[in-house]
Amino acid sequence: MGTHGVKVVFIYPRPQDEQAFEKAYLGEHVPMVEAKLKGLTRLVLTKVTGSPQGKMAAYRLAEVYFSTMAELQTCIESDGGKEVIAHAHSISSGGQPLILICEEESFVYW
């Protein structure tokens, strides 16, 4: 079987001003995530560059991993977690980001 993990996934809609969003996202938000989300074990940032289905509403995805669901829950309920989530909403000019709490099973094929 694969490895198991837990994560919070943020899906940001296409912003009204991509350049302004990127500046706030990379210059403010990501450093805040790294500083405030205690217990995170991995951070994966993805920028959607295209789709065979045409232009997508999703613009960026962020996956924030934790060792256990209890650690994830403690983190997002903390003052730092609430601050990060509020900031995510404030910089998302294309609409509110979708925030998902997920269990993951990963397989690696080399």
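Every value quoted in this text rests on a predicted model; they were computed, and no experiment measured them.

Undergrad: Tell me about a nonpolar patch on the surface, residues and numbers included.
TA: Among the surface-exposed residues, Met-1, Phe-107 and Tyr-109 lie close enough to one another that they form a single nonpolar patch of about 490 Å² accessible area. Structurally, the position occupied by Tyr-109 is in the segment after β4 (98–106). Looking at Tyr-109, the relative accessible area reads 72%, which means it is exposed.

Undergrad: Describe helix α3 (residues 79–91), listing the residues and the values that go with them.
TA: Every α-helical turn comprises 3.6 residues, leaving residues that sit three or four positions apart pointing alike. Spanning 13 residues, α3 covers 19 Å between terminal C-alpha atoms, matching the ideal 18 Å at 1.5 Å per step. Close packing links the buried residues of α3 with β1 (3–13), α1 (18–36) and α2 (69–77).

Undergrad: So what's going on with the nonpolar core? Residues and values would help.
TA: Residues Phe-10, Tyr-25 and Phe-66 are the most contacted members of the largest nonpolar core, which totals 21 residues. Those elements that place two or more of their residues in this core are β1, α1, β3 (58–66), α2 and α3. Sort the elements by how many residues they give to this core and α1 lands first, with six residues. The contact partners of Tyr-25, leaving out residues within four places of it in the chain, are Tyr-12, Val-30, Pro-31, Leu-45, Arg-60, Leu-61, Ala-62 and Ile-91.

Undergrad: Any chance you could break down the packing of α1 against α3 for me, citing the residues and the numbers?
TA: Following both chains from N to C, one finds α1 and α3 inclined at 170°, their axes separated by 10 Å at the closest point. As summarised for this structure, α1 and α3 are arranged roughly antiparallel, according to the angle between their axes. Residue-level contacts link Phe-21, Ala-24, Tyr-25, Glu-28, His-29, Met-32, Val-33 and Lys-36 of α1 to Gly-80, Gly-81, Glu-83, Val-84, His-87, Ala-88 and Ile-91 of α3.

Criteria and cut-off values
- Residues numbered from 1 in each chain as written.
- Predicted model: local features only at pLDDT ≥ 70, side-chain atom pairs only at ≥ 80, totals over all residues.
- Heavy atoms only, no water.
- Patch = residues over 30% accessible without salt bridge, like charges linked within 9 Å, V, L, I, M, F, W, Y side chains within 5 Å.
- Areas by Shrake-Rupley, 256 points an atom, 1.4 Å probe, with all protein chains shown as cover.
- Salt bridge = Lys/Arg side-chain N within 4 Å of Asp/Glu carboxyl O.
- Helix = DSSP H or I, 4+ residues; strand = E, 2+ residues; numbered from the N terminus.
- Buried < 20%, exposed > 50% of the residue type's maximum accessible area, 1.4 Å probe, protein only.
- Expected span 1.5 Å × (residues − 1).
- Contact = heavy atoms within 4.5 Å.
- Core = buried A, V, L, I, M, F, W, Y, C linked by side-chain atoms within 4.5 Å.
- Axes fitted to C-alpha atoms, helices over the stretch in contact; angles between N-to-C directions.
- Parallel < 35°, antiparallel > 145°, perpendicular 65-115°, else oblique.

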